[in-house]
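Secondary and tertiary structure notes
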Amino acid sequence: MEITTHHSRLEHLYLQLYLIPRSKAVWVMGFIIWATLFFPAYFSREQSGDVVCTFCTILTGFIVASIGTTLIMLALCLFGLVVSVFSVGYLPGVLGEHKFVLKEDGLFEATEANETLTKWKGIRSIKHYKKYLMIWIGTGFYSIPKKFFDSQEQYEAFGSQLYERWEANK
């Protein structure tokens, strides 16, 4: 079974926007930034000498930290998106046509820059999202957008056949 996809800068942007809210690292970083902002806000209010209820102090710290975290995370995500979308064109084989073929010994990918056979044992994990089929290999991944399949059935058949072969040979 095989599928041919075409990756553009816009497709790369959509993929990044799809993956950012699903990334555990983004949520952990957001929590760390929030905690870093919460405690100074909380303790500065405590040290100010104003007689205020504890709930009001915690609520103020929570609001200040949430606003700051939201602004910082938006700025970081926007910067990451801009750098990613503009720099992806300098990497040969990322943009353009990708042909994926399920073979007996692994997943074959061909682009204008290279041809790669990833053995089944070389695949770390496979995730079947609503709009993407993600195949993690080493430190990278292959993304196969659902829109390049002719039908939902073909998308599901490719995904299940990929997963079954990987499970049988890992």
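Our structure's up above, just so we're on the same page.
Report on the accompanying structure. Just so it is clear, the structure is predicted and the values come from calculations on it, not from any experiment. (Residues numbered from 1 in each chain as written. Predicted model: local features only at pLDDT ≥ 70, side-chain atom pairs only at ≥ 80, totals over all residues. Heavy atoms only, no water.)

Overview of the sheet that holds strand 7 (residues 140-145)
We count it as follows: DSSP calls a pair of strands paired once it identifies at least 2 bridges connecting them. What counts as a helix is a DSSP run of H or I of at least four residues, what counts as a strand is a run of E of at least two, and both are numbered from the N terminus. Axis lines are fitted through C-alpha atoms, for helices just across the contact stretch, and the angle between N-to-C directions can take any value from 0 to 180 degrees. Contact criterion: two residues are considered in contact whenever any of their non-hydrogen atoms come within 4.5 Å of each other.
Within the open sheet, the 3 strands sit side by side as 5-6-7. Their pairing is antiparallel. Either end of the sheet is taken by a strand with one partner, and the two such strands are strand 5 (123-128) and strand 7. Direction aside, the axes of adjacent strands within the sheet are offset by 15 degrees on average. Bridge analysis of strand 6 (residues 132-137) against strand 7 gives 6 bridges, and the strand direction is antiparallel. Note on strand 7: the bridge partner recorded for I137 is G140. Relative to the sheet, helix 1 (residues 9-19) contacts strand 6 and strand 7, its axis offset from that of strand 6 by approximately 80 degrees. Helix-sheet contacts for helix 4 (residues 152-169) involve strand 5, strand 6 and strand 7, and the interaxial angle to strand 5 is about 155 degrees.

Here we look at the packing of aromatic side chains
For the record, the criterion: Within 6.5 Å between ring centres, the rings of Phe, Tyr and Trp (the latter by its six-membered ring) count as paired, and their orientation is classed by plane angle as stacked under 30 degrees, edge-to-face over 60, tilted in between. A positively charged side chain is recorded as over a ring if its NZ (Lys) or CZ (Arg) lies within 6 Å of the ring centre. The angle to the ring normal must also be within 35 degrees.
Tallying each qualifying case throughout the model produces 11 aromatic pairs. Aromatic ring contacts, followed pair by pair, group F31, W34, F38, F39 and F62 into a single cluster. Its end group placed over the ring of Y18, R22 keeps NZ or CZ at 3.8 Å from the ring centre. Sitting above the plane of the F108 ring, K103 keeps its charged end 4.4 Å from the centroid.

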